Amino acid sequence: MIKFENVSKIYQGNFIALENIDLLVGNGEFVSVVGQSGAGKSTLLKMISAEEQPTEGRVYFNDRPLDTIKKKHLPYFRRNIGTVFQDFKLLPQKTVFENVAYALEAAGETDEQIAEKVPEILDIVGMSDKMEKYPHQLSGGEKQKISLARALVHNPLVILADEPSGNLDPISTWEIIQLLLKINSLGTTVVLATHNKDTVDKIAKRVITMEAGRITRDEVKGKYVI
Amino acid sequence: MKWLKIVRTFKEGCVNFYRNGWLSFATVSMLAISLYIISVTATLGFTANLVIASLQDKINVSVYFNSGVSEERIVEIKNKLAQYDEIKSVDYVSKEKALEELIDLSGGTDTINKALEEIGENPLLSSIVIRANDPEQYGKIVESIGNSFFKDDISVINYEENKSVIDRLTNMILMLRKSGLIFGLVFVFVSVLITFNAIRITMYSHRQEFEVMRLVGASNLYIRMPFVFEGVLYGLVAGAVVMIFLFATSYFISPLTDGNIPQGNLLDVYFGNFFIILGGLFTGGILLGVISSFIAIKRYLKV
């Protein structure tokens, strides 16, 4: 479903973020991308959501080359993807309900559909009692659950999680990972970028190890080894 | 679908306006100050123009005829002069009328009557009063009268004695116009700059949200519309506020203007043009708000 074909990304000043990446992620896979900060994990994820374009090579999503998507069609493409960030990126002026509803509103779903889907998804992440709260009234773990709910609410094909546990305590981290595994078991592809060794070892699924912009290991039932 | 999105983005604009209370207050204040400055500049320009027009009306040149020239002849000359492009109006003042004016001017004392009895006849001359379209053209008009077919009928033209006054007034009017225009433009420019920057700061405070909105699949237009509606709200609120300020200003300045402008005083002008002013303020406010929002948000919507 996601294919990287000899992809390189060189930023201004000759900084090489990715170098000759070939990668295939199948439908329904759970892939952990590990590596030190600056190894290129985030860039890899940004290529999938078409936030960044490769300097060389091509990225395909369901056999469609991403560089051929017109700029004005990008929002429609991105509705196939749910993104979770280390810093949650919730909208501070909106309540929990509104934050999750925003993605649906932007996609033009009816008010009835929104009123149905949002509480449902908040129930899945266990936050249905916090619907009217604002982000600043929540803990880090709670914020990440909302962020995850927002990523899930329009039934994306892929969840991209960039260091989702970077700012969380171990228990919250494990809760988030459990949720990701649950989502994956329901058929959604998950790509998780992290440098949390414990997490990766516990997940025990495919692990891709990156170093200085290259893939150095790709193991089907891998561990965090650097 | 389209309608749903318009309603949604409108609602969101209103909610943003309300939830960002302080920021909205600051932006509206800036916008209101700008609109107020622009309105006051416009009012000053408007009154200055009235004053200039009345000043210009007071400038004229009188041509006095020899006592032997008949009334028909003068009327003929008057009609001829009225055809000149440079001349705005020509008025005939008979010597009887000139006498009446003189008596009126002297306050009806006996002195003049006595003097007239002594002379035995009306010693004043018939004349025509010429007003030019442009005060700079008096020299030319007087010169051409001096060379005309009726030059022998003329006794005196009072141009030379008035020349320095006319020149001074003309210079003053030109200077007033020029400086008014320059000051007006500077004020308007500064106001637009202030508003634009105030709104840019608002957008800057939202910049991280734009990224999030894009990543959850909102189109650029969908992100932008609430801010455009917010700009409309800024404009409407600022317009209403300035309307109140202008009322206060007119109310206090009004006594000074009593009788100095044709409409009576400033307050009468305010109420006479209430809806025009309100409409102008709303239009100006909304345009400033929306255009500034539109431009300011643009740089955060790349990718």
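Rules used throughout
Residues numbered from 1 in each chain as written. Chains lettered and ligands numbered in written order. Predicted model: local features only at pLDDT ≥ 70, side-chain atom pairs only at ≥ 80, totals over all residues. Pairing = 2+ DSSP bridges. Helix = DSSP H or I, 4+ residues; strand = E, 2+ residues; numbered from the N terminus. Axes fitted to C-alpha atoms, helices over the stretch in contact; angles between N-to-C directions. Contact = placed C-beta atoms within 7 Å. Nonpolar A, V, L, I, M, F, W, Y, C, P; charged D, E, K, R; others polar. Core = buried A, V, L, I, M, F, W, Y, C linked by C-beta atoms within 7 Å. Buried ≥ 20, exposed ≤ 12 C-beta atoms within 10 Å, placed from the backbone.

Student: How should the sheet that holds strand β3 (residues 127-132) of chain B be read in this particular structure?
Tutor: Residue and element names in this part refer to chain B. Reading across from one edge, β2-β3-β1-β4 is the order of the 4 strands in this open sheet, with antiparallel pairing throughout. Sheet topology places β2 (87-93) and β4 (154-157) at the edges, where each strand pairs with a single neighbour. Geometrically, the sheet is characterised by an average inter-axis angle of 20 degrees between neighbouring strands, direction not taken into account. Sheet topology note: the β2/β3 ladder contains 6 bridges and is antiparallel. Residue Ile87 lies in a different strand from β3, and its bridge partner there is Ala132. Across the sheet, helix α3 (residues 71-82) touches β1 (61-65), β2 and β3, and the angle it forms with β2 is around 170 degrees.

Student: I keep staring at the interface of chain B and chain A and nothing clicks. Help me out?
Tutor: Quite often, the size of an interface is put as the accessible area lost when its parts meet. Taken together, the contacts link 16 residues of chain B with 16 residues of chain A. Sorting the residues of the side of chain B that touches chain A by element identifies α1 (2-19) and α7 (159-215) of chain B as the ones contributing at least two each. Among the elements that make up the side of chain B that touches chain A, the one with the highest residue count is α1(B) (5 residues). Residue composition of the side of chain B that touches chain A, grouped by class: 8 nonpolar, 4 polar and 4 charged.

Student: Hey, could you run me through the sheet that holds strand β3 (residues 30-34) of chain A in this one?
Tutor: Backbone hydrogen bonds are what pair the strands of a sheet, in a parallel or an antiparallel way. Residues and elements named next belong to chain A. On the basis of which strands lie adjacent, the open sheet formed by 6 strands has the order β6-β7-β8-β3-β9-β10 and mixed pairing. One side of each edge strand has no neighbouring strand; the edge strands of this open sheet are β6 (81-84) and β10 (214-219). Adjacent strand axes in the sheet meet at a mean angle of 15 degrees when their direction is disregarded. Those strands touched by helix α1 (residues 41-48) are β3, β6, β7 (158-162), β8 (189-194) and β9 (206-211), and its axis lies near 155 degrees from that of β8.

Student: What am I meant to see in the nonpolar core here?
Tutor: A general feature of soluble globular proteins is that nonpolar side chains tend to end up buried together. With 71 residues, the main nonpolar core has Val33(A), Val100(A), Ala149(A), Ile159(A), Leu180(A) and Val191(A) as its most contacted residues. A total of 8 residues in this core trace back to one element, the largest contributor, which is helix α3 (residues 96-106) of chain A. In this structure Val191(A) touches Val25(A), Val31(A), Val33(A), Leu45(A), Ile48(A), Val158(A) and Leu160(A), once residues within four positions along its chain are discounted. Val28(B), Phe229(B), Leu246(B) and Ile277(B) belong to the second largest nonpolar core, which has 24 residues in total.

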